[in-house]
Amino acid sequence: PTDCPWGTNAFESYLGSVDAGQSLDATCILKNRDTPMVEFDDILIDQGTDDEFLEEQLKPNQLLAAAEKCGQKITLNMREGYDHSYYFIAAFIEDHVKFHAKRLKKKQNAALAEATTHDFSDTQGKPIQCKAMVARGPKQPLSEEDITVDPPNAGEVRVKVVANALCHTDIYTLEGSDPEGKFPSILGHEAGCVVESIGEGVTSVQPGDHIIPCYTPQCAEPDCVFCQSPKTNLCPKIRATQGIGVMPDGTTRFKDADGNPIYHFMGCSTMSEYTVLAEISCAKISKEMALDKACLFGCGVATGLGAVWNTCKVEQGSSVAVFGLGAVGLAVIQGAKMAGATQIIAVDVNNSKFDMAKQLGATDFVNPTTLDKPVQQHIAGDLTDWGVDYSFDCTGNVEVMRAALECAHRGWGESCVIGVAAAGHEISTRPFQLVTGRVWKGTAFGGFKSRTDVPKLVQANLDGKLDVDHFITHRFSGVGTTNDAIEALHSGCCLRAVVKYGPN
């Protein structure tokens, strides 16, 4: 401050007078204000109680009084036993770096949102020609084609796809394992998009809004018993048409170069530079969120987290086993750690996946191929006395689903099926497994109600409470590189491959 011997000497020497230093003195700045400084939501100060200069030179109480006068928030931590040494600075420098990093990131996100503008006036109400990856048939590489995307009908939204993340469900359909798979179609369902135009009656989003397409819609209508129930997120409003690859009116919005229709996929079809969605499938999110990261909340990561938090409601101190350490399985581990699980058993046949699992909170690691007994017996017998409180299958393999159930705790263990099995496969176990108290359940999109909950997940990431950066292991540019992303996904070392479309 200027009102101390140090201040007098410094400002007279450098600026010629003490008065000249008042514009640089935090106490004087706040004294001269009637309102807080909007650019600073908080000011962090650490001060040692044994600092010999505390009262004569530093005078923090004067600063606090000035802050109180104008309503400025200040966090002053009086650190017992610390003096004015460099050791004191070193002891708390990490807290200050994190404090400023969080706020700089928030400013960066705000600047990104302000700079993200799109002019769609030339395309609204007209068909759009763009690039898309078309699945012409099962077990065939995707075909990069010029397609036409028609304007949205009533209750529909046309969006510009900025980024798309590959999910194993896309590959599941491309390989011919999906009983609802239709060809030719445009796959993709994990994306970050910008609204280009809206159809008649659409009110929840407007052109320029940022959205995440959600394959599990939420109509939120008063007479929808599914949307109104806290027990489920399975809104059936457009299920019948979505399952056969068309929009709610029974038609498609895609045409190939010859004018032939192309089917939709999971109500999303985001392997295209533009797509059309039902309004009830659009989760509006903050523009501060980078869309090439927001896309992760469209399926896998959200599903894994929600299986833990919503479907099973894992409690603090629980034991958990996770079968399959892809993006979904790792999200289960992350969610279980955040929920307070104390034993988290990671199960996979690929040992290279254990490092990331450990970083996210796994405590035990099992490769079933190295065991001399069934994995469920190893977990319920060697690693635990009676099994785990919660187990999660993230593989889609029906034998693994059985193992997951049978390692659940006698009397109360719950096993959640997340992975989607191939067409025609059935699960089985001895009824006695259920008679003795185990519960077998499943989840779709982790039980999240899409339009209500996805924006909250995005905000949690922006607030620094939910990190997802570690899921993006591969990046590609341009819709035409989607086949390369598929190759990466097959490599065994890829969690999520994100393909960014175009310069914007």
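Up top you'll find the structure we're talking about.
Notes on the structure in this doc start here. The model shown is predicted, which means the values in this text are computed figures rather than measured ones.

### Concerning the overall build of the chain
Thinking step 1. Scanning the chain from terminus to terminus reveals 17 helices and 19 strands.
Thinking step 2. With respect to the three principal axes, the spread of C-alpha positions in the chain is 85 × 65 × 45 Å.
Thinking step 3. By the burial criterion, 51% of the 504 residues in the chain qualify as buried.
Thinking step 4. Summed over all atoms, the accessible surface of the chain reaches about 23,400 Å², with 52% contributed by carbon and sulfur.
Thinking step 5. Positive and negative side-chain charges in the chain, numbering 44 and 63 respectively, have mean positions lying 5 Å apart.

### Focus on helix α4 (residues 60–70)
Owing to its 3.6 residues per turn, the α-helix aligns residues three or four sequence positions apart on the same side.
Thinking step 1. Looking at α4, one finds that the buried residues are Pro60, Leu63, Ala66, Ala67 and Cys70. Here the buried residues of α4 occupy an arc of 125 degrees about the axis, which is enough to place them on one side. When the buried face of α4 is taken as reference, the exposed residues oriented beyond 90 degrees from it are Asn61 and Glu68.
Thinking step 2. Where the residues of α4 are buried, they touch α2 (26–31), β1 (43–48), α3 (54–58) and β2 (74–79).
Thinking step 3. After α4 finishes, the residue Gly71 shows a positive phi value of roughly 85 degrees.

### Overview of the pattern of salt bridges
Thinking step 1. Applying the stated criterion across every chain yields a total of 23 salt bridges.
Thinking step 2. The salt bridge involving Lys73 is made with Asp42; its shortest N-O contact spans 4.0 Å. Placement of the pair is Lys73 in the loop between α4 and β2 and Asp42 in the loop between α2 and β1, with a sequence separation of 31 residues.
Thinking step 3. Exposure remark for Asp42: the relative accessible area of 9% places this residue in the buried category.

### Considerations on unusual backbone geometry
Thinking step 1. Residue Pro184 follows Phe183 across a cis peptide bond; omega there is -5 degrees.
Thinking step 2. On the secondary structure map, Pro184 appears in the loop between α6 (168–174) and β6 (190–198).
Thinking step 3. Residues other than glycine seldom take positive phi values, yet Lys59 does so here, at roughly 50 degrees.
Thinking step 4. Here Lys59 is to be found in the loop between α3 and α4.
Thinking step 5. Backbone geometry places Phe445, a non-glycine residue, at a positive phi of 55 degrees.
Thinking step 6. Locating Phe445 in the fold gives a position in the loop between β17 (439–442) and α16 (450–462).
Thinking step 7. With a relative accessible area of 1%, Phe445 lands in the buried category.

### What to know about the packing of aromatic side chains
Thinking step 1. In this structure the tally under the stated criterion is 8 aromatic pairs.
Thinking step 2. Look at Phe88 and Phe92: their rings are 5.6 Å apart centre to centre, the planes differ by 65 degrees, and that puts the pair in the edge-to-face class. Pair noted here: Phe88 and Phe92 are both in helix α5 (residues 86–115), with a separation of 4 residues, about one helical turn. Here Phe88 matches Phe92 in class, with each residue buried.
Thinking step 3. Here the aromatic cluster, defined as three or more aromatic residues joined through ring pairs, consists of Tyr82, Tyr87, Phe88 and Phe92.
Thinking step 4. Stacked on the ring of Phe99, the Lys or Arg Arg103 has its end atom at 3.8 Å from the ring centre.

### Some points on the side chain of Lys449
Thinking step 1. Along the chain, Lys449 falls in the loop between β17 and α16.
Thinking step 2. A distance of 3.1 Å separates a polar side-chain atom of Lys449 from the backbone oxygen of Phe226.
Thinking step 3. Discounting residues that sit within four places of it in the chain, Lys449 has contacts with Gln218, Phe226, Cys227, Ser229, Thr232, Asn233 and Val454.

### A look at a negative patch on the surface
Thinking step 1. On the surface, a cluster of negative charge is contributed by Asp50, Glu52, Glu80 and Asp83.
Thinking step 2. Within the secondary structure, Asp50 is located in the loop between β1 and α3.
Thinking step 3. Judged by relative accessible area, which is 47%, Asp50 ranks as partly exposed.

### Regarding a nonpolar patch on the surface
Thinking step 1. A grouping of Tyr86, Ile89, Ile93 and Val97 is seen on the molecular surface, where their side chains present a nonpolar patch of about 460 Å² in accessible area.
Thinking step 2. Following the sequence through the fold, Val97 ends up in helix α5.

### Looking at the environment of Gly329
Thinking step 1. Counting through the fold element by element, Gly329 comes out in helix α11 (residues 327–339).
Thinking step 2. Given a relative accessible area of 1%, Gly329 falls into the buried group.
Thinking step 3. Sequence separation of Gly329 and Val134 is 195 residues, and the distance between their C-alpha atoms is 29 Å.
Thinking step 4. Gly329 has contacts with Val322, Gly324 and Cys394, leaving out every residue within four places of it along the chain.

### Focus: the side chain of Ser415
Thinking step 1. As for its position among the elements, Ser415 is in strand β16 (residues 414–417).
Thinking step 2. Polar contacts involving the side chain of Ser415 include one to the side chain of Ser391, which spans 2.8 Å.
Thinking step 3. Only 3.4 Å separates the side chain of Ser415 from the backbone nitrogen of Leu405, close enough to count as a polar contact.

### Some thoughts on the sheet that holds β16
Sheet strands pair by backbone hydrogen bonding; their relative direction is either parallel or antiparallel.
Thinking step 1. With respect to topology, 6 strands assemble into an open sheet ordered β14-β13-β12-β15-β16-β17, the strand pairing being parallel. Each end of this open sheet is capped by a strand with a single partner; those strands are β14 (364–366) and β17. Strand-to-strand twist in this sheet, taken as the mean axis angle between neighbours without regard to direction, amounts to 20 degrees.
Thinking step 2. Pairing between strand β12 (residues 319–323) and strand β15 (residues 390–393): 4 bridges, direction parallel. Residue Val322 lies in a different strand from β15, and its bridge partner there is Phe392.

Rules used in this analysis
- The residue count restarts for each chain, going from 1 along the sequence in the order it is written.
- Totals for whole chains, interfaces and linings use all residues, but because this is a predicted model, local features are given only for residues with pLDDT of at least 70 and pairs of side-chain atoms are given and counted only at 80 or more.
- Excluded from the side-chain calculation are hydrogens and water; included are all heavy atoms of the structure.
- Secondary structure counts use DSSP, requiring at least four H or I residues in a row for a helix and at least two E residues in a row for a strand, with both numbered from the N terminus.
- Only protein chains enter the accessibility calculation, which uses a 1.4 Å probe; a residue is then buried when its area is under 20% of its type maximum, exposed when over 50%, and partly exposed in between.
- Using a 1.4 Å probe, the Shrake-Rupley method yields the accessible areas, and only the shown protein chains count as cover for residues.
- The convention is simple: Lys and Arg are positive, Asp and Glu are negative, and His and the chain ends are not counted.
- To locate a charge, take NZ of a lysine, CZ of an arginine, CG of an aspartate or CD of a glutamate.
- Directions drawn from the helix axis to the C-beta atoms are what define this arc.
- Contacts are residue-level and defined by heavy atoms, with any inter-residue pair within 4.5 Å sufficient.
- One side-chain nitrogen of Lys or Arg within 4 Å of one carboxyl oxygen of Asp or Glu is enough to make a salt bridge.
- Think of it this way: a Phe, Tyr or Trp ring, Trp meaning its six-membered ring, pairs with another when their centres are within 6.5 Å, and the plane angle makes it stacked under 30 degrees, edge-to-face over 60, tilted otherwise.
- Should the NZ of a Lys or the CZ of an Arg lie within 6 Å of a ring centre and within 35 degrees of the ring normal, that charge is described as sitting over the ring.
- Think of a polar contact as two N or O atoms within 3.5 Å of one another; within protein, one of them needs to be a possible hydrogen donor and the other a possible acceptor, and neighboring residues in sequence only count if both atoms come from side chains.
- Patch members must show over 30% relative accessible area and no salt bridge, and they are joined within 9 Å when carrying like charges or within 5 Å when they are nonpolar side chains of Val, Leu, Ile, Met, Phe, Trp or Tyr.
- At least two DSSP bridges between two strands are required for those strands to pair.
- Note on definitions: angles span 0 to 180 degrees between N-to-C directions of axes, and those axes are lines fitted to C-alpha atoms, for helices only across the stretch in contact.

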